[in-house]
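Secondary and tertiary structure notes
Here are the chains, one letter per residue:
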Number of protein chains: 2
Amino acid sequence: MVGSQQDEREQAGGRQRLTLVLKQTTLLGGLDEDHLAQLVAQGGRRRFDANQSVFFEGDRATGLHIVLEGRVRVFKTSPRGREQTLMIMGPGEPVGEVAVLSGETYPASAETLDPSETLYIPRQAFLDLVSREPEVAMRLLSALSVRLRSFASLIEDLSLRDVSERLAAHLLALATEGADEEMIDLDVSKSQLSAAVGTVPETLSRAFGQLARAGAIQTRGRKVHIKDRALLAQVARVKP
Amino acid sequence: MVGSQQDEREQAGGRQRLTLVLKQTTLLGGLDEDHLAQLVAQGGRRRFDANQSVFFEGDRATGLHIVLEGRVRVFKTSPRGREQTLMIMGPGEPVGEVAVLSGETYPASAETLDPSETLYIPRQAFLDLVSREPEVAMRLLSALSVRLRSFASLIEDLSLRDVSERLAAHLLALATEGADEEMIDLDVSKSQLSAAVGTVPETLSRAFGQLARAGAIQTRGRKVHIKDRALLAQVARVKP
DNA sequence: GCACTTCCTTGACCTAAGTCAAGTACGACG
DNA sequence: CGTCGTACTTGACTTAGGTCAAGGAAGTGC
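What comes next is a walk through the structure. The shown structure was predicted, so the numbers you read here are calculated from the model rather than taken from an experiment. (Residues numbered from 1 in each chain as written. Chains lettered and ligands numbered in written order. Predicted model: local features only at pLDDT ≥ 70, side-chain atom pairs only at ≥ 80, totals over all residues. Heavy atoms only, no water.)

Here's the deal with the overall build of chain A
- Within chain A one finds nine helices and 11 strands.
- Evaluated residue by residue, chain A yields a buried proportion of 50% over its 240 residues.
- For chain A, restricting intrachain contacts to residue pairs at least 6 apart in sequence, the fraction spanning at least 24 positions comes to 70%.
- Accessible surface, chain A as shown: approximately 11600 Å² in total, 49% of it carbon and sulfur.
- Computed over 30 positive and 32 negative side-chain charges, the inter-centroid distance for chain A is 5 Å. (Helix = DSSP H or I, 4+ residues; strand = E, 2+ residues; numbered from the N terminus. Buried < 20%, exposed > 50% of the residue type's maximum accessible area, 1.4 Å probe, protein only. Contact = heavy atoms within 4.5 Å. Areas by Shrake-Rupley, 256 points an atom, 1.4 Å probe, with all protein chains shown as cover. Lys, Arg positive; Asp, Glu negative; His and termini not counted. Charge placed at Lys NZ, Arg CZ, Asp CG, Glu CD.)

Quick look at the structure:
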């Protein structure tokens with residue numbers, strides 16, 4: 001019976017650690033231990049390999065995921081196989097909440113970029129929580145609103161800017177949010193980057209080449225050195 | 001004094017009528033008369049001519065508008081003058097709420113398509129209401145979520161579909177939500193329609209011509225007759 | 001009804017960017 | 001380290017669609 005007792009101890013410890021992780025999330029960080037434990041008990045941990053599907057566009061939406069570890073990419077796919085990334089969510093961020101709040105199905109697909117772990121929360125449990133906890137509702141409103149801003153920007157890019165402009169803006173955003181404002185260490189493949197920028201790998205390469213020949217950047221593998229930030233901002237048509 | 005008393009009666013009557021209108025809105029329809037009256041008192045009615053600006057992208061976000069009458073278009077503009085419509089809001093719908101929920105500035109511009117009237121609600125008044133009234137918060141979450149779905153669709157269109165496909169899909173959506181599933185009475189100019197589809201008027205005309213020559217539609221001024229719905233759906237790559 | 005203005009259509013032209021193909025570079029594995 | 005597979009780059013080519021211009025159609029005001 002010794003092995004059985006050890007298993008139960010690890011499980012209790014695991015749950016404590018999980019609520020600790022949730023306490024660090026923006027969305028759920030305001031909840032007390034009891035609420036968090038209840039939420040964990042209603043849902044469940046999900047583990048995914050890298051490049052594994054979390055859900056498919058059109059699937060019936062039974063719940064949402066909070067990313068605990070790893071990254072999850074949300075994207076649309078064309079019949080011809082091209083993809084457009086909508087967003088990439090990291091630890092602490094919700095995925096699939098739109099489908100839980102309105103409609104019947106997931107409006108896009110989601111898959112992991114890395115080996116990942118999520119907390120799955122069934123639809124009703126989440127709706128109960130949000131309607132009872134004003135702070136969670138407010139935090140969720142804020143998160144959705146940030147997402148709408150991001151989508152509005154992407155729409156603007158796709159409609160009103162060419163690929164080099166879009167890439168320049170994307171690189172600037174990466175540099176601004178990174179540790180080093182001059183050296184970007186791309187944490188996704190070039191292929192994924194092209195899906196985020198809204199183009200195909202061939203065109204992305206060409207756009208990188210243009211920016212490099214113009215003297216704005218210099219690339220080596222996955223590293224991008226921003227040589228002339230003002231020029232990059234000019235190409236991107238944003239403030240430096 | 002007779003004129004003065006009449007003015008006060010009309011104002012009280014106008015406020016009663018206004019709360020009645022608000023009672024019909026999805027967002028605020030669950031509120032009682034007192035709350036609605038309080039909200040009205042905190043904000044104010046705004047009247048706009050057709051094609052008048054409501055707010056500009058980048059302006060400091062002091063509050064949001066509920067459309068009472070008319071229509072308000074939210075859009076992005078490129079330095080070269082092209083426009084991309086994000087959404088068109090009609091009576092009962094909020095405009096600018098994203099900016100109130102996160103960030104400092106409006107992320108897009110808004111202008112009226114028709115002579116319009118709005119209820120302006122200052123930022124703090126709205127945030128107070130949402131945090132105190134769970135039902136309003138839930139309705140707002142649902143509304144934002146619908147909007148995210150709509151944006152995701154637009155992103156997919158702009159990135160993964162060509163103009164004729166986009167126009168076909170747009171016409172199908174209009175026909176589906178209209179009174180007559182075969183005859184669409186366009187309620188915006190062709191120029192505005194092109195901004196919604198993500199192109200320029202010349203290309204829109206050409207796309208209309210393609211769909212007409214293929215036998216899917218027939219146009220006469222602002223009326224579009226859907227002659228072959230299945231074909232239109234096939235072009236749009238959606239279900240009929 | 002007429003004149004004027006604005007919207008829409010059509011043609012000519014050019015370019016951005018996607019498709020296809022092949023070669024190079026890089027990463028993973030044994 | 002060598003081999004293999006995959007990602008990325010580059011070239012050739014085609015096409016979608018935007019720009020510019022002009023004419024026709026429709027709407028507005030007197």
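Observations concerning the relation of the copies chain A and chain B
- Note on the identical chains: chain A maps onto chain B by a rotation of 180 degrees and an axial translation of 0.0 Å, with an RMSD of 0.0 Å. Those values place the two copies in the arrangement expected of a two-fold rotation axis.
- By residue overlap, the copies meet face to face through one surface: 100% of the interface positions of chain A are interface positions in chain B. (Least-squares fit on C-alpha atoms with pLDDT ≥ 70 in both.)

A word on the protein's contact with DNA strand D
- Within the structure, DNA strand D sits among 14 residues, and Lys-190, Ser-205 and Arg-206 of chain A together with Thr-199 and Thr-203 of chain B are positioned closest to it.
- Near-protein atoms of DNA strand D (within 4 Å) split between backbone and bases, with sugar and phosphate holding 56%.
- Between Ser-191 of chain A and DNA strand D, the recorded distance is 3.1 Å, taken from a backbone N or O atom to a phosphate oxygen.
- Between a phosphate oxygen of DNA strand D and a main-chain N or O atom of Val-163 of chain B, the distance comes to 3.2 Å.
- Where the surface near DNA strand D is concerned, the elements lending two or more residues are helix 7 (190-197) and helix 8 (201-213) of chain A together with helix 8 (201-213) of chain B.
- Class assignment of the residues belonging to the surface near DNA strand D gives a composition of two nonpolar, five polar and seven charged. (Near = heavy atom within 4 Å. Polar contact = N/O pair within 3.5 Å; in protein donor to acceptor, adjacent residues only side chain to side chain. Nonpolar A, V, L, I, M, F, W, Y, C, P; charged D, E, K, R; others polar.)

Overview of helix 7 (residues 190-197) of chain B
Residues and elements named next belong to chain B.
- Among the eight residues of helix 7, six are classified as buried, and the element is accordingly described as predominantly covered.
- All of the buried residues along helix 7 are Gln-192, Leu-193, Ser-194, Ala-195, Ala-196 and Val-197.
- Looking at the buried positions of helix 7, the neighbouring elements they touch are strand 4 (72-77), strand 5 (83-89), helix 5 (134-160), helix 6 (163-177) and helix 8.
- Two residues or fewer after helix 7 comes Gly-198, characterised by a positive phi angle close to 90 degrees.

What about the interface of chain A and chain B?
- In this assembly, 44 residues from chain A lie in contact with 44 residues from chain B.
- Linking chain A with chain B are four salt bridges.
- Here Lys-76 of chain A makes a salt bridge to Glu-156 of chain B, at a shortest N to O gap of 3.1 Å.
- Applying the counting rule to chain A against chain B returns 14 residue pairs in polar contact (both at pLDDT 80 or more).
- Sorting the residues of the side of chain A that touches chain B by element identifies strand 4 (72-77), strand 5 (83-89), helix 3 (97-101), helix 4 (123-132) and helix 5 (134-160) of chain A as the ones contributing at least two each.
- Tallying contributions element by element places helix 5 of chain A first for the side of chain A that touches chain B, with 20 residues.
- Classifying every residue of the side of chain A that touches chain B by side-chain character gives 22 nonpolar, 11 polar and 11 charged. (Salt bridge = Lys/Arg side-chain N within 4 Å of Asp/Glu carboxyl O.)

Looking at the sheet that holds strand 1 (residues 44-48) of chain A
Residue and element names in this part refer to chain A.
- The antiparallel open sheet is built from four strands, whose spatial order is 1-8-3-6. Each edge of the sheet is formed by a strand with only one pairing partner; in this case those strands are strand 1 and strand 6 (94-95).
- Sheet analysis places strand 1 next to strand 8 (residues 116-122), joined by five bridges and oriented antiparallel. Opposite Gly-44, over in strand 8, you have Tyr-120 as the bridge partner. (Pairing = 2+ DSSP bridges.)

The quantities given are spatial measurements derived from coordinates; they are silent on function.
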